[in-house]
Amino acid sequence: MSYIEIQKLSYSYNEKTNVLDDINIDIEKGEWIAVLGHNGSGKSTLAKTLVGLLEPKTGDITIDGITLGEETAYEIRKKIGIVFQNPDNQFVGVTVKDDIAFGMENLCVPREEMLEKINFYAKKVNMLDFLDKEPATLSGGQKQRVAIAGILAMQSDIIIFDEATSMLDPYSKEELIQYIKTLHKDGLTIIMITHDINEALLADRILVMNKGKVFAFQETEKIMKDKETFTSSNLELPVALELANSLAQDDKFKEIRDKLWEYALTK
Amino acid sequence: MGIRFNQVSHGYTSFADGLYTAIKDISFEISDKNEFIALVGHTGSGKSTLAKHMNALIFPTSGTLEIFGKTITSKRDKKIKYNDIRKKVGLVFQFPEYQLFEETVEKDIMFGPMNFKISKEEAKALAKESLNLVGLDDSYLTRNPYNLSGGEKKRVSIAGILAMNPDILVLDEPTSGLDPAGRRVLMDLFKDIHDKTKKSVIIITHDMDLVYQYFNRVLVMNEGHLIFDGDPEKLFREKDLFKNHLDYPNTIKVLDYLNKSLGINLDIYKRTIEEALLEIKGAEKL
Ligand SMILES: Nc1ncnc2c1ncn2[C@@H]1O[C@H](COP(=O)(O)OP(=O)(O)OP(=O)(O)O)[C@@H](O)[C@H]1O
Ligand SMILES: Nc1ncnc2c1ncn2[C@@H]1O[C@H](COP(=O)(O)OP(=O)(O)OP(=O)(O)O)[C@@H](O)[C@H]1O
Ligand SMILES: [Mg+2]
Ligand SMILES: [Mg+2]
């Protein structure tokens, strides 16, 4: 049995069209999955069904052997954290500090420990100087950092990032990714929804959503060889691989092609 | 002249921690025509604050601003019609949620144009046209903007400003949250509007590939200061951009990697994949 199992999952907001249509996916413990797909393909909806915020129309979700349902929702929520696409949806407190604490409060983390963790994770996302500020006055990227800190602080086994870094500057993004890599090494299971192909390259496997369906779900290196999947789903290949593909006909460029692949998969 | 900043600073005062100066002593000019400008800089560097000055949504706390001949100071001036300025300079917010408030997408996009005393029919036609331009079909007209995906909301908020047809367009991270094809379509759309009408366009972004490919002028903010104003290529020829929390475009990074790992000597300053490809194919020593 896999760590996360999604079987025959469908969801619809209005009974008319299925926004998620017969999704079947298995994810193993400790995997890093990137989710790509066009606007409106169902990525955020899928994320919300996984954390029990939306109830599937049909199908089952099983996480670590527990099938998601009304009685198990609380137990499952302890295992899985989500950084929402819009950080404002995560803000409820008067100060940044309150907001980082919010998730931990629901997990009943003791006060002493909580204060320690607030400082630790605020520092990790470079927001230590902002703890007493009102969340509403933060810049876009600062809001995203606070939202991320609040979820990291819950130390869940699984974290879903829903375009959580879309407004960070390149340097902050890189810093954060380096940290997420260390968490992944220590066993964190990651589901990262993104439109940034370079960010997706870090994943073990890539899931491509298209009109509510799973269009492809494969090892990162393998899926990158399949240009069709990308062009038919409103996606673009990374620059290095576009170049490698365009040089594919000629033996003369073999060495360059190998280096381009090396760049794409290691940088 | 379109917009001129004269030693503008803006300090936010808040209950929690007093005064915070978000932009400091900024001076520069944006012509009312022919400008296609990227505005970049680290998280919290003051980009959105700067953008909100451009249509007088907020006022400088010191210094002055001239927008289409009107002088904006720290004090509200009864003689100035601020709403006229906001019609001339259209601003798309970083978070579409702050801009969408009607119960249907159609009404939301019509809201701006309806203020210009045009007929309801004309406003409807405009709404439909703008919606299609941002890549959404007519079925979205009757949808509630709150019940859209993130990228769909972003597109609707952009359509709302396009429908107003302002003289200058200021877009705060219009491509964040868009899928790659949408990013391309909308950047081409902004460029196309600029090319056809010569209108000035200012776009905030963290995407260095876009900065290199589309723009001929880039402004860099750092800790509230404007530290660079000029040609993107000049910026990307600088060493150590990372220290200003920026990065190099992917074409430059990839070509540089080829040079270093293969000991070859390609010109790395190529804007597009096509140009980079020509450079590789034309290289003498491989
Ligand atoms: N609350 C809602 N009510 C009705 N329809 C909705 C609602 N939220 C989303 N939808 C629709 O469901 C579809 C999937 O939306 P979802 O937010 O899952 O897309 P997404 O893949 O996350 O897109 P994006 O990349 O733009 O964030 C879209 O067509 C959207 O319009
Ligand atoms: N209303 C406010 N009250 C107090 N401080 C504010 C307010 N709005 C912004 N700030 C602060 O001013 C600074 C600049 O914010 P601004 O939103 O202009 O940054 P930005 O460059 O747009 O950042 P980002 O790329 O993250 O969107 C930030 O440190 C922010 O916390
Ligand atoms: Mg989404
Ligand atoms: Mg901003």
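Residues numbered from 1 in each chain as written. Chains lettered and ligands numbered in written order. Predicted model: local features only at pLDDT ≥ 70, side-chain atom pairs only at ≥ 80, totals over all residues. Heavy atoms only, no water.

A. Inspection of the overall build of chain A at higher detail. Per the secondary structure count, chain A includes 11 helices and 10 strands. What you see for chain A is a C-alpha radius of gyration of 19 Å, in line with the 18 Å of a compact globule of 267 residues. Referenced to the eigenvectors of the C-alpha coordinate spread, the extents of chain A come out at roughly 65 × 45 × 30 Å. Across the 267 residues in chain A, those meeting the buried criterion constitute 57%. Taking contacts inside chain A between residues at least 6 apart in sequence as the whole, the part at least 24 apart equals 61%. Of the roughly 11800 Å² of accessible surface on chain A, 47% is carried by carbon and sulfur atoms. Here chain A carries 31 positive and 44 negative side-chain charges, and the mean point of each set is 3 Å from the other. (Helix = DSSP H or I, 4+ residues; strand = E, 2+ residues; numbered from the N terminus. Rg over C-alpha atoms; globule rule 2.2 N^0.38 Å. Buried < 20%, exposed > 50% of the residue type's maximum accessible area, 1.4 Å probe, protein only. Contact = heavy atoms within 4.5 Å. Areas by Shrake-Rupley, 256 points an atom, 1.4 Å probe, with all protein chains shown as cover. Lys, Arg positive; Asp, Glu negative; His and termini not counted. Charge placed at Lys NZ, Arg CZ, Asp CG, Glu CD.)

B. Representation of the coordination of the magnesium ion (ligand 3). Protein coordination at the magnesium ion (ligand 3): the donors are Ser-44 of chain A (OG) and Gln-85 of chain A (OE1), at 2.0 to 2.2 Å from the metal. One end of the pair, Ser-44 of chain A, is in helix H1 (residues 43–50); the other, Gln-85 of chain A, is in the loop between strand E6 (80–83) and helix H3 (96–106), with 41 residues separating them in the sequence. (Donors = N, O, S within 2.8 Å, 3.2 Å for Na, K, Ca; no water.)

C. Representation of the coordination of the magnesium ion (ligand 4). Residues and elements named next belong to chain B. For the magnesium ion (ligand 4), every protein donor is listed as Ser-48 (OG) and Gln-94 (OE1), and the spread of their distances is 2.0 to 2.2 Å. Taken as a pair, Ser-48 in helix H1 (residues 47–54) and Gln-94 in the loop between strand E6 (89–92) and helix H3 (105–114) lie far apart in primary sequence, 46 residues in all. Each member of the pair, Ser-48 as well as Gln-94, is classed as buried.

D. Focus on H3 of chain A. Residue and element names in this part refer to chain A. Among all positions in H3, only Val-96, Asp-99, Ile-100, Ala-101, Gly-103 and Met-104 are buried. For H3, the elements touching its buried residues are helix H4 (111–124) and helix H5 (140–152). One or two positions beyond H3, positive phi appears at Cys-108, with a value near 60°.

E. Seen up close, the pattern of salt bridges. Taken as a whole and judged by the stated rule, the model has 29 salt bridges over all chains. The partner of Glu-29 of chain B in a salt bridge is Arg-4 of chain B, with the nearest N and O atoms 3.3 Å apart. Highlighted residues: Glu-29 of chain B in strand E2 (residues 18–30) and Arg-4 of chain B in strand E1 (residues 3–14), separated in sequence by 25 residues. We note a salt bridge from Asp-267 of chain B to Lys-270 of chain B, for which the minimum N-O separation is 3.6 Å. Under the relative-accessibility criterion, Lys-270 of chain B is labelled buried at 17%. Connected through salt bridges with shared partners, the residues Lys-173, Asp-196 and Glu-199 of chain A form a single ionic network. (Salt bridge = Lys/Arg side-chain N within 4 Å of Asp/Glu carboxyl O.)

F. View of the packing of H3 of chain B against helix H5 (residues 150–164) of chain B. Residues and elements named next belong to chain B. H5 packs onto H3 with a crossing angle of 35° between their chain directions and a minimal axis gap of 7 Å. The handedness of the crossing between H3 and H5 is right-handed. Facing Val-105, Ile-109, Gly-112 and Pro-113 of H3, the residues of H5 in contact are Val-156, Ala-159, Gly-160, Ala-163 and Met-164. Residues belonging to the contact of H3 with H5 are distributed by class as follows: 7 nonpolar, 2 polar and no charged. (Axes fitted to C-alpha atoms, helices over the stretch in contact; angles between N-to-C directions. Left-handed = near helix turned anticlockwise from the far one by under 90°. Nonpolar A, V, L, I, M, F, W, Y, C, P; charged D, E, K, R; others polar.)

G. Summary view of the interface of chain A and chain B. With 45 residues of chain A at the contact, the number on the chain B side is 48 residues. Across the chain A to chain B interface the summed buried area is about 4100 Å²; carbon plus sulfur atoms make up 64%. Per-residue buried area on chain A facing chain B is highest for Asn-39, Met-167 and Tyr-263 of chain A; these three make up 16% of the total on that side. Linking chain A with chain B are 1 salt bridge, by the criterion used here. (Buried area = accessible area lost by both parts, 1.4 Å probe.)

H. Looking closely at the nonpolar core. Counting residues in hydrophobic clusters, the biggest one holds 123 residues, and the most contacted among them are Phe-161, Met-224 and Leu-260 of chain A together with Phe-236, Leu-258 and Ile-280 of chain B. In terms of residue count, the dominant contributor to this core is H5 of chain B (7 residues). When near neighbours in sequence (up to four residues on either side) are disregarded, Phe-161 of chain A contacts Val-83, Ile-148, Leu-152, Ile-180, Ile-190, Ile-191, Met-192 and Ile-193 of chain A. Grouped together as the second largest cluster of nonpolar side chains are 30 residues, Tyr-11, Ile-25, Leu-54 and Ile-160 of chain A included. (Core = buried A, V, L, I, M, F, W, Y, C linked by side-chain atoms within 4.5 Å.)

I. Molecular detail of the sheet that holds strand E2 (residues 20–27) of chain A. All names here are of chain A. With respect to topology, 4 strands assemble into an open sheet ordered E2-E1-E4-E5, the strand pairing being antiparallel. Whereas interior strands pair on both sides, the edge strands pair on one side only; in this sheet they are E2 and strand E5 (66–67). Pairing between strand E1 (residues 4–11) and strand E4 (residues 58–63): 5 bridges, direction antiparallel. By the bridge assignment, Ser-10 is partnered in E4 with Thr-58. Helix-sheet contacts for H1 involve E1, E2 and E4, and the interaxial angle to E1 is about 120°. (Pairing = 2+ DSSP bridges.)

J. Representation of the sheet that holds strand E8 (residues 189–193) of chain A within the structure. All names here are of chain A. The mixed open sheet is built from 6 strands, whose spatial order is E6-E7-E8-E3-E9-E10. Each edge of the open sheet carries a strand with a single partner, namely E6 and strand E10 (213–219). Pairwise comparison of adjacent strand axes, ignoring direction, gives a mean angle of 15° for this sheet. Bridge count for strand E3 (residues 32–37) against strand E9 (residues 205–210) is 5 bridges, and the pairing is parallel. In the strand pairing of E9, Leu-36 is matched with Val-208. Contacts from H1 reach E3, E6, strand E7 (158–162), E8 and E9, with the element oriented near 150° to E8. Contacting E6 and E7, H5 runs over the sheet at an angle of about 175° to E6.

K. Up close: the site of ligand 1. Close to ligand 1 lie 19 residues, the nearest being Lys-43 and Thr-45 of chain A together with Arg-143, Ser-149 and Glu-152 of chain B. Two or more chains meet at ligand 1, and those chains are chains A and B. One of the backbone N or O atoms of Ser-41 of chain A is found 3.2 Å from an oxygen atom in ligand 1. Take Ser-149 of chain B: an N or O atom from its side chain is 2.7 Å from an oxygen atom of ligand 1. (Near = heavy atom within 4 Å. Polar contact = N/O pair within 3.5 Å; in protein donor to acceptor, adjacent residues only side chain to side chain.)

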